[in-house]
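Each chain, written out:
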Amino acid sequence: MAAQTNSLGFAKAPAQTRVAVAMSGGVDSSVTAALLHAEGYDVIGVTLQLYDHGAAVNRPGACCAGQDIRDARRVAEEAGFPHYVLDYESRFRESVIDDFADSYLRGETPLPCVRCNQTVKFTDLLQMARDLDADCLATGHYVRRIEAENGPELHKAADPAKDQSYFLFATTREQLDYLRFPLGGRLKEETRRVAGELGVPVADKPDSQDICFVPDGDYAQVVEKLRPGACEPGRIVDLDGRTLGRHDGIVRFTVGQRRGLGVGGAAAPLYVVKIDAENREVVVGPREALARRRIAIRSLNWLGDGALEDRAPEDGAPEEGAIRAEARIRNTGAAMPCRVEAGADGGATLTFDEPQYGVAAGQAAVLYDGTRMLGGGWIGRA
């Protein structure tokens, strides 16, 4: 293999390396583009308009709409590289927003940011980058791509507070080969400092918060608008089916939730244990009722070496096709040790050393070996 001659791993000069940069209008993607441009790369900025930009022009914490598109364009203009805005609103609605609403109707807790990366950004946008004859697509995600003997690996970011590997578990090997993450080895404070040094006009812009298409964090309002009747009332019941109260929509609840249940008088704190979408019931119980040692995941995306089902036996996982790993069942949770066993249906079963609490269908279980992200899948119903 030819020796690396630039920071992105290509055996040619930066000026001969075309890089498409996904620009959301925030400081991270703006610094990614400005930094690569300053290093001499042939940079093309690409921003996706993903939803009604008029509704989000002045809303802080949004992305890919209104003011954010203008911010991305301004960064490109001041740095002096081309910038394109692509209207993916229809695709985003079909692949992300509709799935978001339908997941809540099924009693699940969706992860729209993963769906967005999985479909619009790392499928449609990546193909657009190829159409632009770009050598790679660079993003502002905080995750590290490391070249290894068996090909590129995905690792946690150097800044644990900003690590976004959980949201990239569905990245395929082919996509990872084409993607670059220049900020993965930096701390967030360093990114802000570099933004100031490069004169990036959004250096002090706040980070995006929550879900971009959900104004004020009111998920239920969005779901009700998309699926009229989604907030129909129903019962809140205990584990024995006794009525404890009423709710105004299962979309307002998630497994593991403790606050805002609207029931009182219990001797011990109550948690949402199950959401029965068919009967519009929210089942509550004590914390111990949330305990799960085994979790089934579907649509496993595997980035480890070889195929999981062909893995040789390991200590603590004696069967062929089973390994030891750590798994995160939510973005804010720690990775906990478990045994991972390949399933015949393209999924896997995780058996944790210790019980896990608040396991919610629709979320992701993401697998790690130290800092390396091995892949993950969608959590099914317990």
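Description of the structure in this document. None of the values given here were measured: they were computed from a predicted structure. (Residues numbered from 1 in each chain as written. Predicted model: local features only at pLDDT ≥ 70, side-chain atom pairs only at ≥ 80, totals over all residues. Heavy atoms only, no water.)

**Some details on the environment of Ile-236**
You can see Ile-236 is positioned in strand 8 (residues 234-237). The exposure class of Ile-236 is buried, given its relative accessible area of 0%. Along the primary structure Ile-236 and Arg-293 are separated by 57 residues, whereas in three dimensions their C-alpha atoms are 26 Å apart. In contact with Ile-236, other than residues within four places in its own chain, are Arg-242, Thr-243, Leu-244, Gly-245, Arg-246, His-247, Leu-261, Val-263, Val-282 and Val-284. (Helix = DSSP H or I, 4+ residues; strand = E, 2+ residues; numbered from the N terminus. Buried < 20%, exposed > 50% of the residue type's maximum accessible area, 1.4 Å probe, protein only. Contact = heavy atoms within 4.5 Å.)

**Points about unusual backbone geometry**
One non-glycine residue with positive phi stands out, namely Asp-133, at about 60°. By secondary structure assignment, the location of Asp-133 is in the loop between helix 4 (112-131) and strand 4 (136-138). We note that Ser-299 has phi near 50°; this positive angle belongs to a residue other than glycine. Relative to the helices and strands, Ser-299 is located in strand 12 (residues 292-302).

**Concerning the sheet that holds strand 10 (residues 271-276)**
Sheet architecture is open: four strands sit in the order 9-8-11-10, paired in mixed fashion. This sheet does not close on itself; its edge strands, each paired only once, are strand 9 (243-247) and strand 10. Each strand of the sheet is rotated relative to its neighbour by a mean of 25°, with strand direction disregarded. Sheet topology places strand 8 next to strand 9; four bridges connect them, and they run antiparallel. (Pairing = 2+ DSSP bridges. Axes fitted to C-alpha atoms, helices over the stretch in contact; angles between N-to-C directions.)

**Considerations on the side chain of Ser-103**
Along the chain, the position of Ser-103 falls in helix 3 (residues 89-105). On the basis of relative accessibility, which here comes to 4%, the residue Ser-103 falls in the buried class. Ignoring any residue separated from it by four or fewer positions in sequence, one finds Ser-103 in contact with Glu-108 and Pro-110.

**Describing the packing of helix 3 against helix 7 (residues 219-226)**
Where helix 3 meets helix 7, the closest approach of the two axes is 10 Å, and the angle between their N-to-C directions is 105°. Relative to helix 7, the element helix 3 is oriented roughly perpendicular. Here Arg-93, Ile-97, Phe-100, Ala-101, Tyr-104 and Leu-105 of helix 3 come into contact with helix 7, specifically with Tyr-219, Val-222, Val-223 and Leu-226. For the contact of helix 3 with helix 7, a count of residues per class yields nine nonpolar, no polar and one charged. (Parallel < 35°, antiparallel > 145°, perpendicular 65-115°, else oblique. Nonpolar A, V, L, I, M, F, W, Y, C, P; charged D, E, K, R; others polar.)

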